[in-house]
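Read off the chains here:
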Amino acid sequence: MSDSKSRGLSGEFDSFQESTTKSASLNLTRMLRQSDLVGDLLKIDYDSCEILVHDFSRQQVGGLALGSFLIATRLQPGQECDPVDEDSALILLRVTGQSRLPNAAETDINRFLAGQRVATHEDVWDAEGRTDQFTLHQLRYSGVRCRVLGTFRVAEAKAGQWGLVFGADISNFYSGRGMKVYKPIGDALSKIVNFAKAGTDDEHPLAGGRVAVGRVRYASSERRVDAKGEAVPVNLDPTDLIARRTALFGMSRTGKSNTTKVIASSVFRLRERESGKGRIGQLIFDVNGEYANENMQDGDAENPSCLKNVGAHTQNAKTDDIATYGLTAHPADPGRVVAKINFYGGDPDSWHNPDQVRQSLEQLLVGKRMADEILIGDTAKYVQNFRNTPLEVPEVLDGSAAVRFRRAIAVYRSVLSAAGFSSRDTGPYIKGLFNKDLLKAMAASTSSQAADYSAAATTLSEDRPNWASFVDACKALRRFITDAQNSGYAAFTTAYRKGDDEKNWDDERLNGILSIYQYPNGPRALRALLAQHDPKSTDDYAVSIVNDLIAGKLVIFDQSTGDPDMNRAAAERIMRSLFNRQKAAFIDPASDGRGGFAPPPDVIVYAEEAHNLLPAGSATDVTNIWSRVAKEGSKYRIGIVYATQEPSSIQSNIMKNTDNWFVAHLNNSDEMRELRKYYDFDDFAQSILQVPDPGFIRMRTLSNPYIVPIQVTRFKVQT
């Protein structure tokens, strides 16, 4: 090929590249329209600026509400430019308030004098003929203060592929160079509010599939809703919530529940895009019953907009992809699983096989842990002795160890009976658990309570006494042991030690369980758990819920009939079970079928009324399960969405690890003071405190580089 032809082709290529580059710059300048011109930049710093605005321009663009997005640039609308040029940029601003102009003192005097002239007239001071046009023109200029959010540019991701990029700062500014300021609407505004940061290596395979969750809303007093103007749709990437922390703050009746429904349904509908990877397990602790049950908030259509019905209107959803649990059955929800356990557990075929014993007593052990949780605040020594007595199955269950453990279990079951827990059995099977010499000593006692001890000896000699008699016998047994010198127990146990490796007949575990009988009303402390007991239950609902989550289901746990302590204990137990399962899947991963390891399945947990579930803001216990999930949950693929009207009630280390924020109306300056610590929510403090409109949310998510004020769409099961 000749040199001249080579130079010609090279020139054509260079010309083509230059043309492509300049065309790419139109991604910036097409976001500008002359009709959207607001004013001029007066001064700028790295984080704030002031602009000069005339009332005419302010009126032409439909006003400048607090929180409005603006653009400052030296570019002209529709102009081609060199993307690498320093001026080829749009600086994104947000209106944060008014600023005083240098001539403010003079204009204040002129405005005051104009007002004086019409103070006794019906006309306003800017009416025709009341103030001269030159003065009016000067008075119509004002200063607007803005926060600098960052810079839009176009950049070449790959050879010939140019796109819009955003940096959350400005790299330079000049005090002696002017800029025009525009108010973006329509397509330009849509690009701004829906701009997403570049993906990361660990992003979800379905990341980038954004769905509409609302529209831009700057003010409560907006005059009209124009989808082609300011009210452009705002989209959310549902994968932003996966393995992340999400805060949802707002007073009651400000749209938190509706926002939760919109978010949860968008995550659920990921399966429409990919039936496998789109199956994300979700668990909602429904303290008010508004997600699991149709209610007045959902309307009265044939298929109410209740979250549990979303599966019927989602492609690739299975009939059982939504599971509901509750403490009680519900006539409108025949598929609901009643979340109860049998606190008595079962009996193994062999008490010498630890694995069989653990399996049979699983629900009893879960119930004991639940009892320990609700007793944590009772400081009475006898209650704490009971609470601090574990019933975990020993690793070795030889003849003596098996008898001692069975005896402790039988006595613990007597406590359950005394507290009012019903049993499938008429009484416990206790054959061989109580030493014959002990029973003789009880029957032969000469103390003041000899009659009670004798009756107890008779009961304890039976193979299966009834529960009432066994409870009385256990109470008498505790007194017989504690009053050893007078009851005759001391003499018995001295003789007993000689034949059993110098061990007492009683042991620490037995005495710990018996201690609850120190006072007649002791067992009543467990009655708060009665609503969670079902003698016919054979499975632990916590395990069932975790299995459903691993299968990618939406699980709604209706806690509306439980008291706060009960709900907190149940939620913590479920969370602990989930955390341990996910941790095990992380430590010992399964094969992904391609020679690698599969990560734990994705799960998102929604904590409604989080101030009742999560540890208090003043708490420092980082071993609490909620704190552990907030701190370590991301690597175990557990995301949390916590909703509350009290941001200050949330532990600080949870707030500090929060990635997504949805903030509605808060009526307390103390709560706003807490929120000001994060990102630039201070810009919206006035609006958050003053405007109680339901669904008016300030949103910032993992993929959004700045806060966007939106009106959340009302949830509907049908898309």
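These figures come from a predicted structure and were not determined experimentally.

What counts and what doesn't
Counting restarts for each chain, with residues numbered from 1 along the sequence as it is written. Totals for whole chains, interfaces and linings use all residues, but because this is a predicted model, local features are given only for residues with pLDDT of at least 70 and pairs of side-chain atoms are given and counted only at 80 or more. Calculated side-chain values reflect all of the structure's heavy atoms, with hydrogen atoms and water omitted. Secondary structure is summarised from DSSP: a helix means a run of H or I of at least four residues, a strand means a run of E of at least two, and numbering begins at the N terminus for each. Two things to know: the radius of gyration comes from C-alpha atoms, and the globule rule equals 2.2 Å times the number of residues to the power 0.38. Relative accessibility under 20% of the residue-type maximum defines a buried residue, over 50% an exposed one, and the middle range a partly exposed one, all with a 1.4 Å probe and only protein chains included. Contacts are residue-level and defined by heavy atoms, with any inter-residue pair within 4.5 Å sufficient. With residues, only the protein chains shown are counted as cover, and all accessible areas are computed by Shrake-Rupley using a 1.4 Å probe. His residues and chain termini do not enter the charge count, which takes Lys and Arg as positive and Asp and Glu as negative. Just so you know, the charge point we use is NZ for Lys, CZ for Arg, CG for Asp and CD for Glu. Here a strand pair is declared whenever DSSP counts at least two bridges between the two strands. Only Phe, Tyr and Trp rings take part, Trp by its six-membered ring, and two of them pair if their centres are within 6.5 Å. Stacked means planes under 30 degrees apart, edge-to-face means over 60, and tilted covers everything else. We count a charge as sitting over a ring when the NZ of a lysine or the CZ of an arginine lies within 6 Å of the ring centre and within 35 degrees of the ring normal. Under this definition, polar contacts are N or O atom pairs within 3.5 Å; protein pairs additionally need one hydrogen-donor-capable and one acceptor-capable atom, and for neighbouring residues in sequence, both atoms have to be side-chain atoms. Think of a patch as exposed residues, more than 30% relative accessible area, with no salt bridge, where like charges cluster within 9 Å and nonpolar side chains (Val, Leu, Ile, Met, Phe, Trp, Tyr) cluster within 5 Å. Just to be clear on terms, a salt bridge is a Lys or Arg side-chain nitrogen sitting within 4 Å of an Asp or Glu carboxyl oxygen. All axes here are fitted lines through C-alpha atoms, helices being fitted over the stretch that makes contact, and every angle between N-to-C directions spans 0 to 180 degrees. Each angle gets one of four labels, with under 35 degrees taken as roughly parallel, over 145 as roughly antiparallel, 65 to 115 as roughly perpendicular, and the rest as oblique. Rotating anticlockwise by less than a right angle from the far helix to the near helix defines a left-handed crossing, while the corresponding clockwise rotation defines a right-handed one. Three classes are used, and their members are as follows: Ala, Val, Leu, Ile, Met, Phe, Trp, Tyr, Cys and Pro are nonpolar, Asp, Glu, Lys and Arg are charged, and the others, Gly among them, are polar. The length a helix should cover is 1.5 Å for every residue beyond the first. The term disulfide is used for any two cysteine sulfur atoms that are within 2.5 Å. Put simply, a nonpolar core is a bunch of buried Ala, Val, Leu, Ile, Met, Phe, Trp, Tyr and Cys residues held in one set by side-chain atoms that sit within 4.5 Å of each other. What pLDDT conveys is the predictor's confidence in a given residue, as a value from 0 to 100.

**Some remarks on the overall build of the protein chain**
Moving on, step 1. Scanning the protein chain from terminus to terminus reveals 22 helices and 19 strands.
Moving on, step 2. Here the C-alpha atoms of the protein chain give a radius of gyration of 35 Å, more than 25% beyond the 27 Å that 2.2 N^0.38 yields for 719 residues.
Moving on, step 3. Along the three orthogonal principal directions, the C-alpha set of the protein chain runs to about 115 × 90 × 50 Å.
Moving on, step 4. When the 719 residues of the protein chain are sorted by exposure, 50% land in the buried category.
Moving on, step 5. Summarising the internal contacts of the protein chain: among those between residues at least 6 apart in sequence, 73% fall at separations of at least 24.
Moving on, step 6. Accessible area for the protein chain stands at about 33500 Å²; split by element, carbon and sulfur atoms hold 47% of it.
Moving on, step 7. For the protein chain, the distance from the average position of its 86 positive side-chain charges to the average position of its 91 negative side-chain charges is 1 Å.

**Describing the pairing of strand β2 (residues 48–54)**
Moving on, step 1. When you tally the buried positions in β2, you get five out of seven residues, the bulk of the element.
Moving on, step 2. Remark: three residues form the turn of the hairpin made by strand β1 (residues 37–44) and β2, two consecutive strands paired antiparallel.
Moving on, step 3. Here β2 pairs with strand β5 (residues 141–158) via seven bridges, running antiparallel. What sits directly across from H54, in β5, is Y141.

**As for the sheet that holds strand β12 (residues 322–326)**
Moving on, step 1. Taken in spatial order, the twelve strands line up as β9-β8-β19-β18-β17-β10-β16-β15-β11-β14-β12-β13 in an open sheet, and their pairing is mixed. Among the strands making up the open sheet, the edge pair consists of β9 (233–236) and β13 (337–338).
Moving on, step 2. As paired strands, strand β10 (residues 245–249) and strand β16 (residues 638–644) are joined by five bridges and run parallel to one another. Bridging from a neighbouring strand, A247 pairs with Y642 of β16.

**Let's talk about the side chain of D680**
Moving on, step 1. Among the secondary structure elements, D680 is positioned in the loop between α21 (669–675) and α22 (685–690).
Moving on, step 2. Apart from residues lying up to four places away in sequence, D680 is in contact with R94, R147, L149, R700 and I707.

**Notes on the packing of aromatic side chains**
Moving on, step 1. Inspection of every chain in the model, using the stated rule, returns 29 aromatic pairs.
Moving on, step 2. Arranged with centres 6.5 Å apart and planes meeting at 65°, the rings of F69 and Y218 form a pair that is edge-to-face. Placement of the pair is F69 in strand β3 (residues 69–73) and Y218 in the loop between β8 (211–216) and β9, with a sequence separation of 149 residues.
Moving on, step 3. In this structure F69 comes out as buried when scored by relative accessible area, which is 0%.
Moving on, step 4. Members of the aromatic cluster, each reached through a chain of ring pairs, are F69, F152, F166, F195, Y218 and Y706.
Moving on, step 5. It is R573 that lies over the ring of Y541; its NZ or CZ is 4.6 Å from the centre.

**Description of the environment of H352**
Moving on, step 1. For H352, the position within the fold is in the loop between β13 and α7 (354–360).
Moving on, step 2. For H352, a relative accessible area of 48% gives the class partly exposed.
Moving on, step 3. Looking at H352, its side chain comes within polar contact range of the main-chain oxygen of L397, at 3.1 Å.

**Side note on a nonpolar patch on the surface**
Moving on, step 1. On the surface, a cluster of nonpolar side chains totalling about 290 Å² of accessible area is made up of I109, F112 and L113.
Moving on, step 2. Its location among the elements puts L113 in helix α3 (residues 104–117).
Moving on, step 3. Judged by relative accessible area, which is 36%, L113 ranks as partly exposed.

**Some details on the packing of helix α17 (residues 541–550) against helix α18 (residues 564–587)**
Moving on, step 1. Where α17 meets α18, the axes come as close as 9 Å, and the angle between the chain directions of the two elements is 50°. In this view, α17 runs oblique relative to α18, as classed from their interaxial angle. In this structure, α17 meets α18 at a crossing whose hand is right-handed. Side by side, α17 and α18 meet where Y541, A542, V543, I545, V546, N547, L549 and I550 of the first sit next to A570, R573, I574, S577, L578, R581 and Q582 of the second.
Moving on, step 2. Of the residues assigned to the contact of α17 with α18, the class counts are ten nonpolar, three polar and two charged.

**Quick look at α18**
Moving on, step 1. The first and last C-alpha atoms of α18 sit 34 Å apart over 24 residues, in line with the 34 Å expected at 1.5 Å per residue.
Moving on, step 2. Buried residues of α18: M566, N567, A569, A570, A571, E572, R573, I574, M575, L578, F579 and Q582, and no others.

**Structural notes on the pattern of salt bridges**
Moving on, step 1. All told, the structure shown has 38 salt bridges when counted by the stated rule.
Moving on, step 2. Its salt-bridge partner being D659, residue R244 comes within 3.7 Å of it at the nearest N-O pair. One end of the pair, R244, is in the loop between β9 and β10; the other, D659, is in the loop between α20 (652–655) and β17 (660–663), with 415 residues separating them in the sequence.
Moving on, step 3. Among the residues examined, R244 registers a relative accessible area of 21% and is labelled partly exposed.
Moving on, step 4. Between D659 and R245 there is a salt bridge, and its shortest N-O distance comes to 3.2 Å. With D659 in the loop between α20 and β17 and R245 in strand β10, this residue pair connects regions lying 414 residues apart in the sequence. Summarising the burial analysis for this pair, D659 and R245 share the class buried.
Moving on, step 5. Linked by salt bridges that have partners in common, R94, R147, D680 and D683 make up one network.

**Side note on unusual backbone geometry**
Moving on, step 1. Unusually for a residue other than glycine, N316 sits at a positive phi of about 65°.
Moving on, step 2. Position of N316 relative to the elements: it lies in the loop between β11 (281–286) and β12.
Moving on, step 3. In this structure, E609 is a non-glycine residue whose phi angle is positive, near 50°.
Moving on, step 4. For E609, the position within the fold is in the loop between β15 (603–607) and α19 (625–632).

**So, the state of the cysteines**
Moving on, step 1. Under the counting rule described, the total for this entry stands at zero disulfides.
Moving on, step 2. Take C146: it sits in no disulfide, and the sulfur closest to it among the cysteines is that of C49, at 4.6 Å.

**Some points on the environment of R573**
Moving on, step 1. Mapping R573 onto the fold places it in helix α18.
Moving on, step 2. A polar contact is formed between the side chain of R573 and the side chain of D540, at a distance of 2.9 Å.
Moving on, step 3. Within the local environment of R573, its side chain forms a polar contact with the side chain of Y541, the two groups lying 3.0 Å apart.

**Re the nonpolar core**
Moving on, step 1. In this structure, F285, M442, W505, Y541, W626 and Y642 are the most contacted members of the largest nonpolar core, which totals 110 residues.
Moving on, step 2. The element contributing the most residues to this core is helix α10 (residues 399–419), with ten residues.
Moving on, step 3. Excluding anything up to four places from it in sequence, M442 contacts A450, Y453, S454, A456, A457, L460, L477 and F480.
Moving on, step 4. In this structure, L189, I192, L206 and I322 belong to the second largest nonpolar core, which totals 59 residues.

**Structural notes on the confidence of the model for the protein chain**
Moving on, step 1. Averaged over every residue, the pLDDT of the protein chain is 90; residues scoring 70 or more account for 94%.
Moving on, step 2. Across the protein chain, the element-wise mean pLDDT spans from 61 in helix α1 (residues 3–29) up to 98 in strand β7 (residues 180–182).

**A closer look at the packing of helix α11 (residues 436–443) against helix α12 (residues 450–460)**
Geometry of a packed helix pair, given as the angle between the helix axes and the separation of the axes.
Moving on, step 1. Where α11 contacts α12, the axes come no closer than 7 Å and their chain directions differ by 150°. Between α11 and α12, the crossing angle belongs to the class labelled roughly antiparallel. Crossing hand, α11 versus α12: left-handed. Facing L439, M442 and A443 of α11, the residues of α12 in contact are A450, Y453, S454, A456, A457 and L460.
Moving on, step 2. Of the residues belonging to the contact of α11 with α12, the class tally is eight nonpolar, one polar and no charged.

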